[in-house]
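# Coordinate inspection notes
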There are 2 protein chains.
Amino acid sequence: MANDKKQPRPKAVTPKGFQDYFGADVTERAAMLHKIAAVYHRYGFDALETSAVETVEALGKFLPDVDRPNEGVFAWQEDADWLALRYDLTAPLARVAAQYRNDLPSPYRRYAMGPVWRNEKPGPGRFRQFYQCDADTVGAASVAADAEICAMLADCLEEVGIARGDYVIRVNNRKVLNGVLEVAGLSGDDKEAERGIVLRAIDKLDRLGVTGVRALLGEGRKDESGDFTKGAGLSEAQADVVIGFMEAKRDTGAATVARLSELVTGSPVGVAGVAELEEIAALLTAQGYGPDRIIIDPSVVRGLGYYTGPVYEAELTFEVTDEKGRPRNFGSVAGGGRYDDLVKRFTGQEVPATGVSIGVDRLLAALRATGRIDSKAVGPVIVTVMDRAKMADYQTMVAELRNAGIRSEVYLGNPKNFGNQLKYADKRASPVAIIAGSDEFDQGIVQIKDLVLGAQIAQNATLEEWKDRPSQYAVPRDQMVARVRAILDGQA
Amino acid sequence: MANDKKQPRPKAVTPKGFQDYFGADVTERAAMLHKIAAVYHRYGFDALETSAVETVEALGKFLPDVDRPNEGVFAWQEDADWLALRYDLTAPLARVAAQYRNDLPSPYRRYAMGPVWRNEKPGPGRFRQFYQCDADTVGAASVAADAEICAMLADCLEEVGIARGDYVIRVNNRKVLNGVLEVAGLSGDDKEAERGIVLRAIDKLDRLGVTGVRALLGEGRKDESGDFTKGAGLSEAQADVVIGFMEAKRDTGAATVARLSELVTGSPVGVAGVAELEEIAALLTAQGYGPDRIIIDPSVVRGLGYYTGPVYEAELTFEVTDEKGRPRNFGSVAGGGRYDDLVKRFTGQEVPATGVSIGVDRLLAALRATGRIDSKAVGPVIVTVMDRAKMADYQTMVAELRNAGIRSEVYLGNPKNFGNQLKYADKRASPVAIIAGSDEFDQGIVQIKDLVLGAQIAQNATLEEWKDRPSQYAVPRDQMVARVRAILDGQA
């Protein structure tokens, strides 16, 4: 590093749009993913971990959910090839399913969890590296595979701590929408442009509401800034069919299915789609997943443009308060569906596939928002250093504590200023400090300071009942571990 | 994807030098890292997860262990900046320690685990993405921090399944080497070139042996290809001092320390280094880590050029057979030491730091080589499909099995060819298959096939004693789960 001397110092900054995760932010996510992996495994899914890097050729020059080709990935050239960081876990699965098609079991159930990267403009809450946690079944044409993934998703949510009743998984079907489009007279090859506008319009239901979507189905819509988006030019009657689809949900699954059947009368693909929804509902009921957990809901429109068959989305139904203090439903934490064309890019053969992606950060945020994760990270017991020459004795103490499974450490900074040691213990959220100087060593004792109780006493110092409560005890050296254990148990 | 039609199909290949990990290769590594993280946590270390991407400026334009500046990383330009994938976990720690220096506790004990990337020519067993698993203490000048990491490393090895006696952690000290160089007359500013040659020479002890190193300390060395490497030009007496250092290990720690003291007589830095080794040994003994686990060994020379104080290395001492069938010691699985200059790059302030990096792939390979990981992955119980119309019943069965915690799945491929279903079960290493057709449904029973026993019977078909052993049982439907559980318990 001698040659660095004359150079200006580098800036110590996280690159724009990236994040550093500390302590509990790392371990709580890992614990949640660990639980989800156990559910995936129980359902027969096998782990797959591909590398972060793919050839741009294999990734495809597009993201599934954005409209910008040639953008969105971090890429660099290597000799004649371009390499890039994966932008999701589905594209690498498609590559693997094609590459190892003669060796993998078929159907191939696989799960994957890990970071993905998006080369997007960073914004508040939008990061360029984030976790995904996917499960997909490749090579199963039966909608039993879709039903299975819906059931598994419900199990995952309950396993990590979302109570039954606090979530609902909504199931829709792209084929029903295709049927609706057919009934609305939009099925011909010459109607591709209109179908595109309709798909984009219904994808905006969340944001624009029915009125906004209806405008986009008709002549078009002027947004708040005055920009005009051209509509699909549907007649009122045609638009009614499409809106009817989005609003087809009834009180019971059977009534919803009946309404959808009406809407797609005369369209074979639509009828097939409704039959698939009925079959999924029947299979789920047989497994014990009733409408309290999984329902048919045609208002699930997200991803309908991408998927080719069943589409599903998990929504958390409890309220949280948003940044402005207003109550709102927590919303979607996972989504997926059936896509039959990803492997085809490589092999020319259509391979049926269906899968789900759990939004790791959102689900974790939901668990924290509802107190399902107790984020009070407990720091280590701190063995303070009163006498530097006794370091071996302090190390013996900490070894005893660790051997008893108690998280602990010796203070390893400069021990001169004892106040700094207690400040350090505070910063680490230490529950207990051990103190031993020459007096204690002479008497064969240690001082044990209950830092949680100490903080409570400090807070309530004016109250009579707290005044005389001691938070520090002298105990015989050979009772140190037992006493620390008792204090920790009492704090928990 | 419509516009893909006319393009040639992309190749489905893992990029050169990268790997895909399947099933147990993923979960066994995760389980090992989980155990190591628990030990790190018990020692008071906090998790840190930085993003994969850093600015090239923050990373520094060098790798710690290669001689090529400006190479070795995957980098790309973004506007005026260059971004790159991290090549290790220490450079991001240095950036974090500088960036958050006012918020982090000091000393800051942190652990990190995750992939790192090296832009190197891929070769056999050399990959461009691999895992590291580090623990470092930043801001502790005391060698108690080094001793603690050595003890923690021993605990980690035992926790993952390396038996005591099967490993040794060797501790050396760069300051002792500096003292040796001083005694050999190589301490002046004008001797920097010679010191460099000496450092590189002793780093090659493993590969060249003492004779080769001695040649490099003297006039130079001609290798097998005939290439000549110029030596440091030391006299015989000077070289004796350096070689004496590498061979200073004696039967006991005290004897080794005595020998080192002789070698560095008159060199203050050398004397200080020997004192540090003595202190580390004393602290470790106090914690119960004797020379059966951690020893002072001056022949540890790897990384001496990089580190500034204590250096440590964990070696597995049991024999494995190499690719040519010859027995050899398994060798190093972790190493580390004290480095005081990384944070200085950013802040100008020297911050003492010490840390270890565990070679995740090598340690995992060691566990597999010695049977410490039982890699017989158990596949799911397969509920076969005899009658497609009964899919809801099969789903009910599998839900019961899963609710009992039994990994299981319904066959979701095309059920027409029953042989394919059993082939699939074989490929998945399924322990048990459930079979139920219309006869079984009529009678309220299921057939349970013990696939492990079935395979054994097939293997021993000519032996009388195996001939009549049934591997398939008809059981009442409501006893299915209990019977599967019993078979699985019997197989385990």
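Residues numbered from 1 in each chain as written. Chains lettered and ligands numbered in written order. Predicted model: local features only at pLDDT ≥ 70, side-chain atom pairs only at ≥ 80, totals over all residues. Heavy atoms only, no water.

## Examining the overall build of chain A
Regarding its fold elements, chain A presents 18 helices and 19 strands. Here the C-alpha radius of gyration of chain A, 29 Å, is well above what a compact globule of 492 residues would show, namely 23 Å. The principal-axis extents of the C-alpha atoms in chain A amount to approximately 95 × 65 × 55 Å. Among the 492 residues that make up chain A, the fraction classed as buried is 52%. Here chain A has roughly 21,800 Å² of accessible surface; of this, 49% comes from carbon and sulfur atoms. In chain A, which carries 61 positive and 70 negative side-chain charges, the distance between the mean positions of the two groups comes to 5 Å. (Helix = DSSP H or I, 4+ residues; strand = E, 2+ residues; numbered from the N terminus. Rg over C-alpha atoms; globule rule 2.2 N^0.38 Å. Buried < 20%, exposed > 50% of the residue type's maximum accessible area, 1.4 Å probe, protein only. Areas by Shrake-Rupley, 256 points an atom, 1.4 Å probe, with all protein chains shown as cover. Lys, Arg positive; Asp, Glu negative; His and termini not counted. Charge placed at Lys NZ, Arg CZ, Asp CG, Glu CD.)

## Considerations on the packing of helix 6 (residues 192-202) of chain B against helix 7 (residues 205-217) of chain B
Packed helix pairs are specified by the crossing angle of their axes together with the interaxial distance, meaning the distance between the axes. Residue and element names in this part refer to chain B. Two elements in contact, helix 6 and helix 7, have axes whose closest approach is 8 Å; the angle formed by their N-to-C orientations is 150°. By the angle between their directions, the pair helix 6 and helix 7 is classed as roughly antiparallel. Of the residues in helix 7, those touching helix 6 at I197, V198, A201 and I202 are L205, V213, L216 and L217. Its residues assigned to classes, the contact of helix 6 with helix 7 shows 8 nonpolar, no polar and no charged. (Axes fitted to C-alpha atoms, helices over the stretch in contact; angles between N-to-C directions. Parallel < 35°, antiparallel > 145°, perpendicular 65-115°, else oblique. Contact = heavy atoms within 4.5 Å. Nonpolar A, V, L, I, M, F, W, Y, C, P; charged D, E, K, R; others polar.)

## Topic: the interface of chain A and chain B
If you look at the interface, chain A gives 94 residues, while chain B gives 94 residues. Between chain A and chain B the total buried area reaches about 8,300 Å² when both faces are included, carbon and sulfur atoms providing 56% of it. By the criterion of area lost to chain B, the three top residues of chain A are A:E49, A:R402 and A:L412, representing 9% of everything that side buries. At the junction of chain A with chain B, the criterion picks out 14 salt bridges. Where chain A meets chain B, there are 58 residue pairs in polar contact (both at pLDDT 80 or more). Residue composition of the side of chain A that touches chain B, grouped by class: 48 nonpolar, 23 polar and 23 charged. Note that strand 1 (residues 21-22) of chain A and strand 2 (residues 46-49) of chain B share 2 bridges and pair antiparallel. Bridge pairing links A:Y21 to B:E49 in strand 2 of chain B. (Buried area = accessible area lost by both parts, 1.4 Å probe. Salt bridge = Lys/Arg side-chain N within 4 Å of Asp/Glu carboxyl O. Polar contact = N/O pair within 3.5 Å; in protein donor to acceptor, adjacent residues only side chain to side chain. Pairing = 2+ DSSP bridges.)

## Here we look at helix 14 (residues 418-427) of chain A
Among the residues of helix 14 of chain A, those classed as buried are A:Q421, A:Y424 and A:A425. Here the buried residues of helix 14 of chain A occupy an arc of 100° about the axis, which is enough to place them on one side. Away from its buried face, by an angle of more than 90 degrees, helix 14 of chain A presents the exposed residues A:K423 and A:D426. In this structure, the buried residues of helix 14 of chain A make contact with strand 15 (381-383), strand 16 (408-410) and helix 16 (451-459) of chain A together with strand 6 (108-117) of chain B. The opening residue of helix 14 of chain A is A:N417, an N-cap whose side-chain oxygen sits 2.9 Å from the backbone nitrogen of A:G419. Directly beyond the C-terminal end of helix 14 of chain A, a positive phi value near 55° is found at A:A429. (Arc of directions from axis to C-beta.)

## Section: the pattern of salt bridges
For the structure on display, the rule yields 56 salt bridges over all chains. Of the charged contacts in the structure, one is a salt bridge between B:D46 and A:R428, with a shortest N-O distance of 3.5 Å. Taken as a pair, B:D46 in strand 2 and A:R428 in the loop between helix 14 and strand 17 (432-435) lie in two separate chains rather than in one. Residue classification places A:R428 among the buried residues on the basis of a relative accessible area of 6%. A salt bridge links B:E315 to B:R170, with the nearest nitrogen and oxygen atoms 2.9 Å apart. Of this pair, B:E315 sits in strand 12 (residues 310-321) while B:R170 sits in strand 8 (residues 167-173), placing them 145 residues apart in sequence. Beyond isolated ion pairs, a larger network of salt bridges with shared partners links A:D46, A:R109, A:E148, B:R402, B:R407, B:E409 and B:R428.

## Digging into unusual backbone geometry
Residues and elements named next belong to chain A. Of note, the amide linkage connecting S106 to P107 takes the cis form, showing an omega dihedral of 0°. Counting through the fold element by element, P107 comes out in the loop between helix 3 (90-99) and strand 6 (108-117). Of note in the backbone geometry, A429 takes a positive phi value of approximately 55° without being a glycine. Tracing the backbone through its elements, the reader meets A429 in the loop between helix 14 and strand 17.

## Observations regarding the packing of aromatic side chains
Under the definition given, this model contains 22 aromatic pairs over all chains. Seen in terms of ring centroids, A:F18 and A:F74 are 5.9 Å apart; in terms of plane orientation they differ by 35°. Their pairing is tilted. Of this pair, A:F18 sits in the segment before strand 1 while A:F74 sits in the loop between helix 2 (56-59) and strand 4 (75-78), placing them 56 residues apart in sequence. Each ring, one from B:F318 and one from B:F330, has its centre 6.0 Å from the other, and the planes form 45°; the classification is tilted. Of this pair, B:F318 sits in strand 12 while B:F330 sits in strand 13 (residues 327-339), placing them 12 residues apart in sequence. Each member of the pair, B:F318 as well as B:F330, carries the same accessibility label: buried. Connected via pairs of aromatic rings, a cluster forms that spans A:F18, A:F74, A:W76, B:F18, B:F74 and B:W76. Directly above the aromatic system of A:F346 lies the positively charged group of A:R345, at a separation of 5.1 Å from the ring centroid. (Phe/Tyr/Trp six-rings, centres within 6.5 Å; stacked < 30°, edge-to-face > 60°. Lys NZ or Arg CZ within 6 Å of the ring centre and 35° of its normal.)

## Topic: the domain arrangement of chain A
Looking at chain A, the domain boundaries give domain 1 (23-182 + 266-369) and domain 2 (381-491). For domain 1 of chain A and domain 2 of chain A, the distance between their C-alpha centres works out to 49 Å. (Domains from an automatic or database assignment.)

## Observations regarding the relation of the copies chain A and chain B
A rotation about an axis combined with a shift along that same axis relates the two copies of the chain. Overlaying chain A with chain B gives an RMSD of 0.1 Å, the required rotation being 180° about an axis along which the chain moves by 0.0 Å. Put plainly, the chains are arranged around a two-fold axis. By C-alpha distance to the rotation axis, the residue of chain A lying nearest is A:W76, at 2.8 Å. The residues that chain A uses at the interface reappear at the interface of chain B in 100% of cases, marking a shared surface. (Least-squares fit on C-alpha atoms with pLDDT ≥ 70 in both.)

## A word on the side chain of B:S430
Note that B:S430 resides in the loop between helix 14 (418-427) and strand 17 (432-435). With near-sequence residues (within four places) excluded, B:S430 lies in contact with B:G379, B:P380, B:I382, B:A425 and B:L451.

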